[in-house]
Amino acid sequence: MSYKGDLSLANPMDPVDREDSASKAAGHVPSAELVDDKIGIEQKGMTKGWGGGAGSWFDAWLTSAAAQIGQVMLALPNAVALTGLRAGVPLLFMYSLFSIFTIHLLNALYCEYKARKIKAGTWEGGHNKKATQYFNVIGYLVNRWVGYFVMLITIISLCSTGIAQVVAISTGLYYLDIHITKRIWTIIFGAVLTCTMTFIPSFRHFRIYNIISLTGTAYTALYLIVTACKIGLKSSSAPVGPTSMENLFLGANVFMNAFGGHTLSFEVIDAMYAPSRYDHVYPFSYLYTYFVSVPHSILIQLASPKNNKTYGNVYGVVPVNAARDVSIILMVIHQFVAYALYVTPVFFMWEKLIRTHTKSYWIRLPSRIPVSLFIWFIALLIPFYNTINAIMGSFGNSFTAFVFPTGAYLWVYRTAAARANAPKQPFLPGGWTTQMCLCCFLFVWFAIFGVGFGMWASIANLVQNVSTYSVFAECYQCAGIVKTNRLNG
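Every chain begins its residue count from 1, and numbering advances along the sequence as written. Totals for whole chains, interfaces and linings use every residue, but because this is a predicted model, local features are given only for residues with pLDDT of at least 70 and side-chain atom pairs only at 80 or more, for both listing and counting. Note: side-chain values were computed over all heavy atoms of the structure, leaving out hydrogens and water.

A. How the structure looks around the confidence of the model for the protein. In this model, the protein carries a mean pLDDT of 80, and residues with pLDDT of at least 70 account for 83%. What pLDDT expresses is the predictor's confidence in each residue, scored from 0 to 100. Contact definition: two residues touch when any of their heavy atoms are within 4.5 Å. Note on residues 1-30: pLDDT is under 50 here. Beyond four places in sequence and across chains, it has 72 contacts.

Put into structure tokens, the structure is as follows:
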């Protein structure tokens, strides 16, 4: 094997030697189960307490459920209003099913990557193991320069998600106290996030945080469902279709953001004792995802279609009461956890770049602070909640959840020999034919409608918001929030 690089950014993604790849394809590649940590599976990852050291399927489910849906659930009702019920409901389910399929593709690519590394004797385990990330896998299996492009898009996507958490926290807290502007809330809690969530070492230290965050989203989903029913459902007054093409793609972008949280998938898979089974665990996280995303999005649109279209955050629609305030507080806690979940992969990349990734915690963790400061600054620069979610969906998640997985899978398994020796075989009826055809369809669909038209709608909306509110806006949509608080209070 001619590959001699490690996973550091100094030489992160040397391509697999083509001659060696051919010999691998002709020979034996380990099965998917052989990439699993047998000792860890036997321990089941439940023996090291609630704080860390956990790599079981349960922890993978917790992390996936906590990361998959969070602050974006507050933007989903507005997205349904933009697309209309007739287009919005099918898109919600369609994107979620596509998301489950592309997770299977990413899991297969991880198994292929690890199997090749094990066969070559270059896989690193134990305490010195470096985190395996999205760009490592794609760059190793496809091409070095493709890997660099994937790394760039992944960084943008993850940072945007972190920015969205900071903006969501300031927006939620402004609903609680309108006497402090959103910008001040952003300054305060940007500092708090930098000084706290920056110092969680890895994804095996998230169990208790994930449980707390899931409590917040579960309560909020139930609260919004009950509130919508109390307001009263007015199906006759709810628009069934989008009012413009721009609104249709803006709403679809938010759906992609909700169901396209694949940027941290490899870190979660890598933290598992049985990484080959992640695509078995992930669909179960969607039972929870559907509960906290679909019912309240539809019911709020039926209960208050006019206000729902006006506000990018659902708290602008519901009455002001103690139940709402509890929901806001719980969602702020969830957003703290989500910030750490999504920004941690960027921390890993930064550590590799400045060569602190394998250093002691007292060196490694403080070295992350510049990343947190950058995210904090951008959250102050463009605090446009619904616009950030739309940009994340179109530019970040279109690529990382749909275009990259399908494109890489088509490339890696383009030959009969590679398909025959794949560690993880297709699960769809029709085998490879069905799998490859679906990959082709999704690649074209999301490249055109997700990245192309989605970015057009998102940028148009960003330009409009900057023109209206300017950058470093003191209080985005605050006049409407004050009015709504008075009317609903």
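B. Inspection of unusual backbone geometry at higher detail. If you check the backbone angles, Arg 355 has positive phi at about 60° while not being a glycine. By the criteria applied, helices consist of DSSP H or I runs no shorter than four residues and strands consist of E runs no shorter than two, each listed in order from the N terminus. On the secondary structure map, Arg 355 appears in the loop between α14 (322-354) and α15 (361-364). Think of it in three bands: with a 1.4 Å probe and only protein chains considered, a residue is buried below 20% of the maximum accessible area for its type, exposed above 50%, and partly exposed in between. According to the relative accessible area criterion, Arg 355 is exposed, its value standing at 52%.

C. Region of interest: the nonpolar core. Joining through side-chain atoms within 4.5 Å is the link that ties buried Ala, Val, Leu, Ile, Met, Phe, Trp, Tyr and Cys residues into a set, and such a set is a nonpolar core. Of all hydrophobic cores here, the largest spans 125 residues; its most connected members are Tyr 95, Leu 109, Tyr 409 and Tyr 413. The biggest single contributor to this core is helix α7 (residues 144-176), with 14 residues. Core analysis: the second largest hydrophobic core is formed by 5 residues, Phe 249, Leu 250, Ala 390 and Ala 457 among them.

D. Inspection of a nonpolar patch on the surface at higher detail. Patch definition: residues with relative accessible area over 30% and no salt bridge; like charges joined within 9 Å; nonpolar side chains (Val, Leu, Ile, Met, Phe, Trp, Tyr) joined within 5 Å. Using the Shrake-Rupley algorithm and a 1.4 Å probe, accessible areas are obtained, with residue cover drawn only from the displayed protein chains. Salt bridges are identified by distance alone: a Lys or Arg side-chain nitrogen within 4 Å of an Asp or Glu carboxyl oxygen. Side chains of Met 245, Phe 443, Val 444, Ile 448, Phe 449, Phe 453 and Trp 456 sit close together on the surface and give an oily, nonpolar patch of about 640 Å² of accessible area. Sort the elements by how many residues they give to the nonpolar patch and helix α19 (residues 431-469) lands first, with 6 residues. With respect to the helices and strands, Met 245 occurs in helix α10 (residues 245-259).

E. Seen up close, empty space enclosed by the protein. The pocket and cavity definitions rest on a 1 Å grid over protein atoms only: a 1.4 Å probe that fits but cannot leave marks a cavity, an open set with protein on both sides within 12 Å along at least five of seven lines marks a pocket, and residues lining either have an atom within 4 Å of a point. Grid points are joined across faces, edges and corners, and a volume is the space filled by probe spheres set on the points. For the structure shown, the criterion picks out 5 cavities of 30 Å³ or more. The calculated volume of the largest cavity comes to roughly 120 Å³. Among the residues making up the lining of the largest cavity, the classes are represented as 6 nonpolar, 11 polar and no charged. Residue type decides the class: Asp, Glu, Lys and Arg count as charged, Ala, Val, Leu, Ile, Met, Phe, Trp, Tyr, Cys and Pro as nonpolar, and the leftover types, Gly among them, as polar.

F. Quick peek at the pattern of salt bridges. In the structure shown here, the tally under the stated rule is 5 salt bridges. The residue Glu 351 makes a salt bridge to Arg 368 at a minimum N-O spacing of 2.5 Å. A residue pair is termed long-range when its members are at least 10 positions apart, and Glu 351 in helix α14 and Arg 368 in the loop between α15 and α16 (369-381) qualify at 17 residues. With respect to class, Glu 351 is no different from Arg 368; both count as buried. What emerges from the salt-bridge pattern is a single network uniting Glu 351, Arg 364 and Arg 368.

G. Layout of the side chain of Asn 465. Position of Asn 465 among the secondary structure elements: in helix α19. The contact partners of Asn 465, leaving out residues within four places of it in the chain, are Phe 384, Asn 386, Thr 387, Ser 470 and Tyr 476.

H. Layout of the packing of aromatic side chains. Any two rings among Phe, Tyr and Trp, with Trp reduced to its six-membered ring, count as a pair given centres within 6.5 Å; such a pair is stacked if its planes are under 30 degrees apart, edge-to-face if over 60, and tilted if neither. Under the definition given, this model contains 31 aromatic pairs. Ring geometry for Phe 98 against Phe 441: centres 6.4 Å apart, planes inclined by 70°, an arrangement best described as edge-to-face. Taken together, the positions of Phe 98 in helix α5 (residues 85-120) and Phe 441 in helix α19 put the pair 343 residues apart, joining distant regions of the chain. According to the relative accessible area criterion, Phe 98 is buried, its value standing at 14%.

I. Spatial organisation of helix α6 (residues 134-141). Within α6, 8 of the 8 residues are buried, leaving the element largely enclosed by the surrounding structure. Tyr 134, Phe 135, Asn 136, Val 137, Ile 138, Gly 139, Tyr 140 and Leu 141 are the residues of α6 that are buried. Those residues of α6 hidden inside the fold are in contact with α5, α7, α11 (265-271), α14 and α17 (385-412).

J. A look at the packing of helix α8 (residues 182-196) against α16. Angular values range over 0 to 180 degrees, each being the angle between N-to-C directions of two axes fitted as lines to C-alpha atoms, with helices fitted over their stretch in contact. Two numbers describe how α8 lies on α16: the axes approach to 10 Å, and their chain directions differ by 165°. In terms of orientation, α8 lies roughly antiparallel with respect to α16. Crossing angle aside, the handedness with which α8 passes α16 is right-handed. Taken together, the residues of α16 that come into contact with α8 (itself represented by Arg 183, Thr 186, Ile 187, Gly 190, Ala 191 and Thr 194) are Ile 369, Ser 372, Leu 373, Trp 376, Ala 379 and Leu 380. Its residues assigned to classes, the contact of α8 with α16 shows 7 nonpolar, 4 polar and 1 charged. Comment on the angle field: the value is read as roughly parallel under 35 degrees, roughly antiparallel over 145, roughly perpendicular from 65 to 115, and oblique elsewhere. Rotating anticlockwise by less than a right angle from the far helix to the near helix defines a left-handed crossing, while the corresponding clockwise rotation defines a right-handed one.

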